[in-house]
Amino acid sequence: MSEEITNGNSAPQANGHVKFGFAARLEELKGPRVLMEAFAATRDHVPGVRLKLAGEGSERKQVAALVRSLAFADYYDYNGIYNFPEQRTSFMHDLDVFVMPSFTEGTPNSIVEAMANGKPIIASAVGGIPDMIDHESGILVPPGDPRALAKAMILLAKNPELRRQMGEAVLKRYRMLFSPGAVLPLMLETYARVAGGTPGA
């Protein structure tokens, strides 16, 4: 279960850069190559952006090749995989916007982690994601569409006030839907029902 970072919705923007982040398996269905294309287009419109990736997978070499061919190596950071919870927290806290361009999903833990850190979300409208994110807390885009993804990234890169508003909204939504205080009572109720008892009995 994610740990809420109460001050996570303050945008870091180190050195004036707006930082986009992706944390997931580097596999085709997670859309990392779509993200590379979208980020390159975003940089053409907003030079002051960076991209941070965390994860490992079969597409790591293809992603690295795209970074070189699209000529944004100086604006890209590859962080590998998390070995400790503190690394995950540090990665998420350092972002301004979290991006998840998957082709298929359930309820991604990485989006919950980004929500707990108060980060606006740009994600594909697939699986359970539309139930996690509303229009106040993020932007949903069609899967496999780098132009739509870039359009959303450019919008948030250029609009710090919108990022701030979405950060506040996404943290509120996390507290309502995914925080321990919201999830544990539901889990206890489910366990009690399965055991044939009643909550608090």
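Residues numbered from 1 in each chain as written. Predicted model: local features only at pLDDT ≥ 70, side-chain atom pairs only at ≥ 80, totals over all residues. Heavy atoms only, no water.

A. Quick look at the overall build of the protein. When its secondary structure is counted, the protein shows eight helices and six strands. Taking all 201 residues of the protein together, the buried fraction comes to 47%. For the protein, long-range pairs separated by at least 24 residues make up 70% of all intrachain contacts whose partners lie at least 6 apart in sequence. Of the roughly 10,000 Å² of accessible surface on the protein, 53% is carried by carbon and sulfur atoms. (Helix = DSSP H or I, 4+ residues; strand = E, 2+ residues; numbered from the N terminus. Buried < 20%, exposed > 50% of the residue type's maximum accessible area, 1.4 Å probe, protein only. Contact = heavy atoms within 4.5 Å. Areas by Shrake-Rupley, 256 points an atom, 1.4 Å probe, with all protein chains shown as cover.)

B. Just unusual backbone geometry, in detail. Non-glycine residue Ala71 carries a positive phi angle of around 60°. With respect to the helices and strands, Ala71 occurs in the loop between helix H2 (60–69) and strand E3 (76–78).

C. Examining the nonpolar core more closely. Within the largest apolar cluster, 56 residues are counted, with the highest numbers of intra-cluster contacts made by Phe20, Met36, Ile111 and Ile122. Not counting residues within four places of it along the chain, the set of residues in contact with Ile111 comprises Phe98, Met100, Ile121, Ala123, Ile129, Met132 and Ile133. (Core = buried A, V, L, I, M, F, W, Y, C linked by side-chain atoms within 4.5 Å.)

D. Quick look at the side chain of Asp96. Examined against the element boundaries, Asp96 turns out to sit in the loop between helix H3 (85–93) and strand E4 (97–100). Looking at Asp96, its side chain comes within polar contact range of the main-chain nitrogen of Lys19, at 2.7 Å. (Polar contact = N/O pair within 3.5 Å; in protein donor to acceptor, adjacent residues only side chain to side chain.)

E. The arrangement of the sheet that holds strand E6 (residues 138–141) in detail. As summarised here, the arrangement of the six strands in space is E3-E2-E1-E4-E5-E6, forming an open sheet in which the pairing is parallel. Edge positions in the sheet fall to E3 and E6, since each of these pairs with one other strand and no more. Along the sheet, successive strands turn relative to each other by an average axial angle of 20°, direction set aside. Sheet topology places strand E1 (residues 18–23) next to E4; two bridges connect them, and they run parallel. The residue bridging Phe20 from the neighbouring strand is Val97, located in E4. Sheet contacts for H3: E1, strand E2 (49–54) and E4; angle to E1, the most-contacted strand, approximately 140°. (Pairing = 2+ DSSP bridges. Axes fitted to C-alpha atoms, helices over the stretch in contact; angles between N-to-C directions.)

F. Highlighting the confidence of the model for the protein. Across the protein, the average pLDDT comes to 86, with 81% of residues at 70 or higher. Low pLDDT, under 50, characterises residues 3–11; the stretch is placed with 23 contacts to residues that sit more than four places away or in other chains. (pLDDT = per-residue confidence, 0-100.)

G. Spotlight on the pairing of E4. Of the two faces of E4, the one carrying Val97 and Val99 and the one carrying Phe98 and Met100 are both buried. When E4 meets strand E5 (residues 121–124), the two strands line up parallel, connected through three bridges. Across the sheet, the residue bridging to Phe98 is Ile121, located in E5. Traced from E4 through helix H4 (residues 109–116) to E5, the parallel crossover comes out right-handed. (Right-handed = clockwise from strand over helix to strand, strands pointing away.)

H. Structural view of the pattern of salt bridges. Scanning all chains against the criterion turns up 10 salt bridges. A salt bridge links Arg88 to Glu113; the nearest nitrogen and oxygen atoms lie 3.8 Å apart. On the criterion of sequence distance, the pair formed by Arg88 in helix H3 and Glu113 in helix H4 is long-range, its members being 25 residues apart. Through salt bridges with shared partners, one network takes in Lys19, Lys52 and Asp94. (Salt bridge = Lys/Arg side-chain N within 4 Å of Asp/Glu carboxyl O.)

I. Just the packing of aromatic side chains, in detail. Scanning the model with the defined rule gives three aromatic pairs in all. Judged by centre distance (5.9 Å) and plane angle (65°), the ring pair of Tyr82 and Phe91 falls under edge-to-face. Residue Phe91 is classed as buried on the basis of its relative accessible area, which comes to 3%. Site record: aromatic cluster; members linked through ring pairs are Phe39, Phe72 and Tyr76. (Phe/Tyr/Trp six-rings, centres within 6.5 Å; stacked < 30°, edge-to-face > 60°.)

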